[in-house]
Amino acid sequence: MQKGDLDNPSVVTAFNAMRGMGSKLLIAMNDSGLDFLDMYDEEIEDEEIDDLPYGKEVEMLNERVLENLVVSAKEKLENGEGPFPEEYRKYIREINFRDGLKEIPSLDGCTNLTSVTIPNSVTSIGEEAFKYCESLTSVTIPDSVTSIGERAFSACGSLISVTIPDSVTNIGDLMFLGCRDLTSVTIPDSVSNIGEGAFFGCRGLISVTIPNSVSSIGDGAFQYCKSLTSVTIPDSVTSTGDE
């Protein structure tokens with residue numbers, strides 16, 4: 001949509017609902033209220049708001065607009081849909097994925113997310129699924145999950161503990177990269193491979209038990225785990241990287 005569309009007050013009005021974040025929004029005015037239409041990239045100065053259709057009214061509805069956008073983003077993520085503008089993700093605090101969902105999509109940017117419910121229908125946690133979910137302290141992964149993608153929990157700085165179900169066979173590369181508060185992780189007997197940099201920078205990690213099922217440990221898997229004093233590597237491991 002072009003700026004000329006703003007000349008028709010019955011169609012749209014524009015307002016920077018996320019002032020200071022550089023996001024301009026096109027918002028439909030209709031009988032049911034406000035609907036998100038599209039991103040609006042052209043700069044709209046403060047003094048121009050008075051010249052826009054319903055400018056001041058929309059400004060007063062700023063919080064309502066933001067709330068509607070966040071709710072919409074949350075619903076899309078819970079349904080495994082996307083993409084959706086990441087700037088709204090940081091306002092989401094809780095996600096309950098719908099039953100029937102097979103794969104967890106990327107929640108990259110949900111920095112204030114504290115609670116996640118993963119249904120038993122999920123079989124795969126995608127790459128970077130929880131990347132930068134900095135407020136997430138714990139995750140319960142159901143036994144239905146057989147695959148967890150690379151960097152799935154990277155930069156989850158508040159993550160304290162994770163239990164990996166015995167349906168998972170591989171801990172992917174950089175899976176827990178930079179999880180600085182992670183103190184414990186349970187690696188089940190089903191795991192045969194621990195990928196490169198899997199626990200890189202987990203400086204709070206105190207102990208790790210590697211089961212006899214593991215045959216390969218990648219480069220830097222436990223590098224910069226400053227609190228980890230010892231790791232017992234079973235005889236089953238035939239390939240190890242550095243550190």
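Structure: above.
A. Quick look at unusual backbone geometry. Of note in the backbone geometry, glutamate 128 takes a positive phi value of approximately 55° without being a glycine. The topology assignment puts glutamate 128 in the loop between β7 (124–125) and β8 (138–140). Of note, alanine 155 is a non-glycine position whose phi angle comes to about 65°, a positive value. Along the chain, alanine 155 falls in the loop between β9 (147–148) and β10 (161–163).

B. Main features of the pattern of salt bridges. If you walk through the whole model with that rule in mind, you get four salt bridges. Between arginine 151 and glutamate 127 there is a salt bridge, with its nearest N and O atoms 3.5 Å apart. With a gap of 24 residues between them, arginine 151 in the loop between β9 and β10 and glutamate 127 in the loop between β7 and β8 connect regions that are remote in the sequence. Between arginine 151 and glutamate 150 there is a salt bridge, and its shortest N-O distance comes to 3.4 Å. Classification of glutamate 150 as partly exposed rests on a relative accessible area of 31%. Linked through salt bridges whose partners overlap, the residues forming this network are Glu127, Glu128, Lys131, Glu150 and Arg151.

C. Quick peek at the nonpolar core. Phe130, Phe153, Phe176, Ile194 and Phe199 are the most contacted members of the largest nonpolar core, which totals 53 residues. Examining the composition of this core, we find that three residues originate from one element, helix α2 (residues 62–78), more than from any other. With residues near it in sequence (within four places) discarded, isoleucine 194 still touches Ile171, Ile187, Phe199, Ile210, Val214, Ser216, Ile217, Gly218 and Ala221.

D. Structural context of the environment of valine 71. With respect to the element layout, valine 71 can be found in helix α2. For valine 71 and tyrosine 91, which are 20 residues apart along the polypeptide, the C-alpha to C-alpha distance reads 9.4 Å.

E. A look at the sheet that holds strand β14 (residues 216–217). What the four strands build is an open sheet, ordered β11-β13-β14-β15; its pairing is parallel. Pairing within the sheet leaves two strands with one partner each, and these edge strands are β11 (170–171) and β15 (239–240). Pairing of β11 with strand β13 (residues 193–194) involves two bridges; the strand directions are parallel. Across the sheet, isoleucine 171 pairs through a bridge with isoleucine 194, a residue of β13.

Cut-off values and rules
- Residues numbered from 1 in each chain as written.
- Predicted model: local features only at pLDDT ≥ 70, side-chain atom pairs only at ≥ 80, totals over all residues.
- Heavy atoms only, no water.
- Helix = DSSP H or I, 4+ residues; strand = E, 2+ residues; numbered from the N terminus.
- Salt bridge = Lys/Arg side-chain N within 4 Å of Asp/Glu carboxyl O.
- Buried < 20%, exposed > 50% of the residue type's maximum accessible area, 1.4 Å probe, protein only.
- Core = buried A, V, L, I, M, F, W, Y, C linked by side-chain atoms within 4.5 Å.
- Contact = heavy atoms within 4.5 Å.
- Pairing = 2+ DSSP bridges.

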